[in-house]
Amino acid sequence: MSESEYKYIVRIVGNDIPGDKKPISGLTKIKGIGRHFAKTLLNIMKIDYTTNIGFLTDKQINEIEEIIKDPTLHFPIWFLNRRKDMETGKDMHIIDSDMALTIRNDIEREKTTNSWKGYRHTFGLKVRGQRTRCTGRKGGAVGVKKGGKVLPAKNQDQK
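Residues numbered from 1 in each chain as written. Predicted model: local features only at pLDDT ≥ 70, side-chain atom pairs only at ≥ 80, totals over all residues. Heavy atoms only, no water.

(A) Just the overall build of the protein, in detail. Helix and strand counts for the protein come out as 5 helices and 2 strands. The N-to-C order of helical and strand elements in the protein reads β-β-α-α-α-α-α. In the protein, the proportion of contacts linking residues at least 24 apart, taken out of those at least 6 apart, comes to 46%. Element-wise, carbon and sulfur atoms account for 53% of the exposed surface of the protein, whose accessible area totals about 12100 Å². (Helix = DSSP H or I, 4+ residues; strand = E, 2+ residues; numbered from the N terminus. Contact = heavy atoms within 4.5 Å. Areas by Shrake-Rupley, 256 points an atom, 1.4 Å probe, with all protein chains shown as cover.)

(B) Structural view of the pairing of strand 1 (residues 9-12). Burial of strand 1 is one-sided: the residues Val10 and Ile12 facing one way are buried, the residues Ile9 and Arg11 facing the other way are not. Of the strand pairs in this sheet, strand 1 and strand 2 (residues 15-18) are connected by 4 bridges, and their pairing is antiparallel. Counterpart to Arg11 in the pairing with strand 2 is Asp16. Counted along the chain from strand 1 to the antiparallel partner strand 2, the turn is 2 residues long, and its residue Val13 has a positive phi close to 50°. (Buried < 20%, exposed > 50% of the residue type's maximum accessible area, 1.4 Å probe, protein only. Pairing = 2+ DSSP bridges.)

(C) Inspection of helix 2 (residues 35-45) at higher detail. Those residues of helix 2 lying buried are Phe37, Ala38, Leu41, Leu42 and Met45. Projection of helix 2 onto a plane perpendicular to its axis shows the buried side chains occupying an angular sector of 130°, all on one side. Opposite the buried face of helix 2, at more than 90 degrees from it, the exposed residues are Arg35 and His36. If you follow the buried residues of helix 2, they end up packed against helix 1 (23-27) and helix 3 (58-69). Backbone geometry just downstream of helix 2 places Lys46 in the positive-phi region, at approximately 60°. (Arc of directions from axis to C-beta.)

(D) Layout of the side chain of Asn15. As for its position among the elements, Asn15 is in strand 2. When its relative accessible area of 18% is taken as the criterion, Asn15 is described as buried. Within polar-contact distance, the side chain of Asn15 engages the side chain of Asp96 at 3.1 Å. Ignoring anything within four residues of it in the chain, the contact list for Asn15 reads Val10, Ile30 and Asp96. (Polar contact = N/O pair within 3.5 Å; in protein donor to acceptor, adjacent residues only side chain to side chain.)

(E) Broad picture of the pattern of salt bridges. By the definition in use, this model includes 7 salt bridges. The closest approach of N and O atoms between Asp85 and Arg82, which form a salt bridge, is 2.7 Å. Assigned by exposure class, Asp85 and Arg82 land together as buried. Across the salt bridge formed by Arg109 and Asp106, the nearest N and O atoms sit 3.2 Å from each other. (Salt bridge = Lys/Arg side-chain N within 4 Å of Asp/Glu carboxyl O.)

(F) Representation of the packing of aromatic side chains in the model. Overall, the coordinates contain 8 aromatic pairs when judged by the stated rule. The interplanar angle of 20° and the centroid separation of 4.5 Å between the aromatic rings of Phe37 and Phe75 together place this pair among those described as stacked. Of this pair, Phe37 sits in helix 2 while Phe75 sits in the loop between helix 3 and helix 4 (97-112), and the two are 38 residues apart along the sequence. Across the pair, Phe75 and Phe37 agree in class, each one buried. Between Phe75 and Phe79, the ring centres sit 5.0 Å apart and the planes meet at 25°, which makes this aromatic pair stacked. (Phe/Tyr/Trp six-rings, centres within 6.5 Å; stacked < 30°, edge-to-face > 60°.)

(G) Examining helix 3 more closely. End to end, helix 3 covers 17 Å across 12 residues, agreeing with the expected 16 Å (1.5 Å per residue, within 8%). When we look at burial in helix 3, the residues that qualify are Ile61, Ile64, Glu65, Ile67 and Ile68. End-on, the buried residues of helix 3 take up no more than an arc of 165°, which puts them together on one face. Among the exposed residues of helix 3, those oriented more than 90 degrees off its buried face are Lys59, Glu66 and Lys69. (Expected span 1.5 Å × (residues − 1).)

Any functional reading would require information that these geometric values do not contain.
See the structure below:
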């Protein structure tokens, strides 16, 4: 297959992206890559936003994968989604299934250290300071229970 041919499905970092998508929206299908990251990546590689992702060459796709796997060479530190990792102390950008695993490990670490956030996670409450008085209620209804009408009491004198 020549490099100028159209690909109906493009595989980038283990994700299948339809070839008719624009590069920005196609790259955002990868978990951990947003619109801003995708746009900056395309600017670095000098790829046109208006072309379809199916027209990218194999060389361009490989370069995209390399940049996504190690963005510290091309992006500033503040651009990454995982700075100063607790276990390694490194700045990194997490994508795909690693993201879900990392978040789950962070929550478990908070629970085991019995921090306030861990306590809130344990009991299924709001963690980031939101109101809990009127929102976030789960389960049965809270408040006044509706029932039948209560009839007024009859006076003994009016018989």
